Amino acid sequence: MLFHEIYSTYFQTVAKILTEAVDHPLTSGEIDSIVREYAFDESTLNIPESLGIAHWKLLKEDGTTILKKKPTMPLTILQKRWINAVALDPRIRLFTDHPVTFPDVEPLFLPEDISVFDQYLDGDPYEDAGYIQNFRLILDGIRYQYPIQITVTNRHGKRITTKTIPEYLEYSEKDDKFRLIGTGSRLGNTINLGRITSCEKCESQKGEKVGKRNLPRPRKVIFELVDDRNALERVLMHFAHFEKQVEKIEDQKYQVTLHYEKEDETEILIRVLSFGPMLRVVKPAAFIHLIKDRLSEQKSCGL
């Protein structure tokens, strides 16, 4: 609970109240003020009352506390083991060279204890020094909002250099890849970090501007499936991070409308094809032509 973004709030708030109460008696108004600052408005209904004599018996009626020293929240053995396990994840090195660890306890689990199914095996090279350097510079650019110049290698092996203002990073668990979402690049709003061969901070020049954000190009594809061998559940998991609508059209037969951006079209195409005859694309015609072209390319490569 102490690591939870929401539930840890209550622990932190109570600790703050008791810390202040050790220094001086607190009025009800001061307690409510602390609760509103560190917790939620509705928490004023239960935290102050719970701290009193009737429940937790940590605050006296005069606003002082029974504690003699300011409270601390040391980590439990379980929490230390969890941190040690997380520190073994190679993605941790993207953020720091010296992750926090506790040598006095064993990790809660090891990387080899985790079996990830339905994930591509060509994830980003998280332990590559160049990738780590690019990641950290992009992260710094996001934090301080300055333009960067990147060089990428496209799928044809051609090197392209462009400038962008990084906005945020997104991670695909299925692809095991990070993507940069930025403004002004002629390559589009989304760039795969794994394709970036070099990255550097742009030195601002008078009159130089980074292009405007590319307008979104929404697309959708409609396909039908028969819910045999949990096909529907697998499809929903496969496309979990995309907006979609599912409609039952017959017994065990469903129609799925999937919404995506034009930049993700190749990824969507590959994922749809991975289901083989389980899915039948019905609209739009342009997407059906993409499937036919892709299958023709695969067939020619096999000859």
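In what follows, the accompanying structure is described. (Residues numbered from 1 in each chain as written. Predicted model: local features only at pLDDT ≥ 70, side-chain atom pairs only at ≥ 80, totals over all residues. Heavy atoms only, no water.)

## Details of the sheet that holds strand β6 (residues 218-226)
Reading across the sheet, the 4 strands line up as β7-β8-β6-β9 and stay open at both edges, with antiparallel pairing between neighbours. For this open sheet the edge positions go to β7 (244-250) and β9 (279-283), each flanked by a neighbour on one side alone. Strand-to-strand twist of the sheet, defined as the mean angle between neighbouring strand axes without regard to direction, takes the value 30 degrees. Note: β6 against β9, 4 bridges, orientation antiparallel. By the bridge assignment, isoleucine 222 is partnered in β9 with lysine 283. The strands that helix α6 (residues 231-238) touches are β6, β7, β8 (253-261) and β9; relative to β6, the one it contacts most, it runs at about 160 degrees. Sitting on the sheet, helix α7 (residues 265-274) is in contact with β6, β8 and β9, with an inclination near 155 degrees to β8. (Pairing = 2+ DSSP bridges. Helix = DSSP H or I, 4+ residues; strand = E, 2+ residues; numbered from the N terminus. Axes fitted to C-alpha atoms, helices over the stretch in contact; angles between N-to-C directions. Contact = heavy atoms within 4.5 Å.)

## Side note on the environment of threonine 164
With respect to the helices, strands and loops of the structure, threonine 164 is situated in strand β2 (residues 159-172). A relative accessible area of 1% places threonine 164 in the buried class. For the pair threonine 164 and tyrosine 146, spaced 18 residues apart in sequence, the C-alpha to C-alpha distance is 8.8 Å. A polar contact of 3.1 Å, which involves the side chain of threonine 164, links it to the backbone oxygen of threonine 183. (Buried < 20%, exposed > 50% of the residue type's maximum accessible area, 1.4 Å probe, protein only. Polar contact = N/O pair within 3.5 Å; in protein donor to acceptor, adjacent residues only side chain to side chain.)

## Overview of the pattern of salt bridges
Under the counting rule described, the total for this entry stands at 13 salt bridges. Notably, a salt bridge pairs arginine 136 with aspartate 97, separated by 2.9 Å at the nearest N-O pair. With arginine 136 in helix α5 (residues 129-144) and aspartate 97 in the loop between α4 (77-87) and α5, this residue pair connects regions lying 39 residues apart in the sequence. A relative accessible area of 51% places aspartate 97 in the exposed class. If you follow the salt bridges from partner to partner, you end up with Glu170, Asp175, Arg179, Glu267 and Arg271 in one network. (Salt bridge = Lys/Arg side-chain N within 4 Å of Asp/Glu carboxyl O.)

## Notes on unusual backbone geometry
Note that the residue after lysine 283, namely proline 284, is joined by a cis bond; omega there is -5 degrees. Positive phi is not limited to glycine here, since lysine 57 has a value of about 60 degrees. Structurally, the position occupied by lysine 57 is in the loop between α3 (47-51) and α4. The exposure class of lysine 57 is partly exposed, given its relative accessible area of 49%. Backbone geometry places glutamine 252, a non-glycine residue, at a positive phi of 70 degrees. Position of glutamine 252 among the secondary structure elements: in the loop between β7 and β8. According to the relative accessible area criterion, glutamine 252 is partly exposed, its value standing at 34%.

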